[in-house]
Amino acid sequence: MAFIYKWIEGEKNLNEYCLKRFGEKPRFVETIGKVGINAKVRLIYKEKGDRYVDMYLLYMPHEKGTVYWISDIETMTYEQIRADRTAILKR
């Protein structure tokens with residue numbers, strides 16, 4: 001089965017999105033989290049200019065998903081994530 005995903009910058013944006021979408025905040029152990037019935041979240045630090053920012057990769061299996069390997073998405077650079085229309089970046 002394929003996956004759908006969303007990149008979210010910052011813990012505040014992640015919590016706001018998850019509260020709206022799933023009605024709860026994600027639960028984490030180290031850098032891996034879970035929210036809802038089958039959604040997973042990974043904390044991945046991405047280089048943004050001269051510093052690193054916390055980026056959260058939220059993904060779940062879905063019949064209309066287009067991604068088969070989450071590891072392909074994890075390796076995206078911050079610039080590639082910015083160009084992704086589904087990303088939620090800090091305002």
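Refer to the structure printed above.
This structure is a prediction, so every number in the text was calculated from the model and none was measured.

Is there a simple way to think about helix 1 (residues 11-22) in this case?
Every α-helix carries 3.6 residues per turn, so stepping three or four residues along brings you back to the same face. For helix 1, built from 12 residues, the straight-helix expectation of 16 Å at 1.5 Å per residue is met to within 8% by its first-to-last C-alpha distance of 16 Å. Among all positions in helix 1, only Asn13, Leu14, Asn15 and Cys18 are buried. Those residues of helix 1 that are buried are in contact with strand 1 (3-9), strand 2 (27-29), strand 3 (32-35), strand 4 (39-48) and strand 5 (51-61). Just downstream of helix 1 lies glycine 23, where phi reads positive at about 80°.

Looking at this model, I keep getting lost on the pattern of salt bridges. Mind explaining?
Pairs can form between side chains of opposite charge whenever their charged atoms are close. According to the stated counting rule, one finds three salt bridges in the structure shown. Ionic pairing is found between arginine 42 and glutamate 74, a salt bridge with its closest N-O pair at 2.1 Å. Of this pair, arginine 42 sits in strand 4 while glutamate 74 sits in helix 2 (residues 70-74), and the two are 32 residues apart along the sequence.

Just checking my understanding: could you explain the environment of valine 35 for this structure?
By secondary structure assignment, the location of valine 35 is in strand 3. Sequence separation of valine 35 and cysteine 18 is 17 residues, and the distance between their C-alpha atoms is 7.4 Å. When sequence neighbours within four positions are dropped, the list of residues in contact with valine 35 reads Cys18, Phe22, Glu24, Lys25, Pro26, Arg27, Val41 and Leu58.

Can you walk me through the packing of aromatic side chains in this structure?
The description of an aromatic ring pair uses the distance of the two centres, along with the angle that the planes make with each other. Applying the stated criterion to the full structure yields two aromatic pairs. With centroids separated by 5.8 Å and ring planes inclined at 80°, the aromatic side chains of phenylalanine 3 and tyrosine 59 adopt a geometry described as edge-to-face. With phenylalanine 3 in strand 1 and tyrosine 59 in strand 5, this residue pair connects regions lying 56 residues apart in the sequence.

Quick notes on the rules
- Per chain, residues are indexed from 1 in the order of the written sequence.
- Reporting in this predicted model follows two pLDDT cut-offs: at least 70 for local features of residues, and 80 or more for side-chain atom pairs to be given and counted; totals over whole chains, interfaces and linings ignore these cut-offs and use all residues.
- With hydrogens and water stripped out, all remaining heavy atoms of the structure feed into the side-chain values.
- The helix and strand labels rest on DSSP assignments: H or I over at least four residues marks a helix, E over at least two residues marks a strand, and numbering proceeds from the N terminus.
- Take the residue count of a helix, subtract one, and multiply by 1.5 Å to get its expected span.
- Exposure categories follow from relative accessible area, calculated using a 1.4 Å probe and restricted to protein chains: below 20% of the type maximum is buried, above 50% is exposed, and the middle band is partly exposed.
- Contacts are assigned to residue pairs that have any heavy atoms within 4.5 Å of one another.
- For this analysis, a salt bridge means a side-chain nitrogen from Lys or Arg found within 4 Å of a carboxyl oxygen belonging to Asp or Glu.
- Working definition: rings of Phe, Tyr and Trp (its six-membered ring) pair if their centres are within 6.5 Å, and the pair is stacked with planes under 30 degrees apart, edge-to-face with planes over 60 apart, and tilted otherwise.

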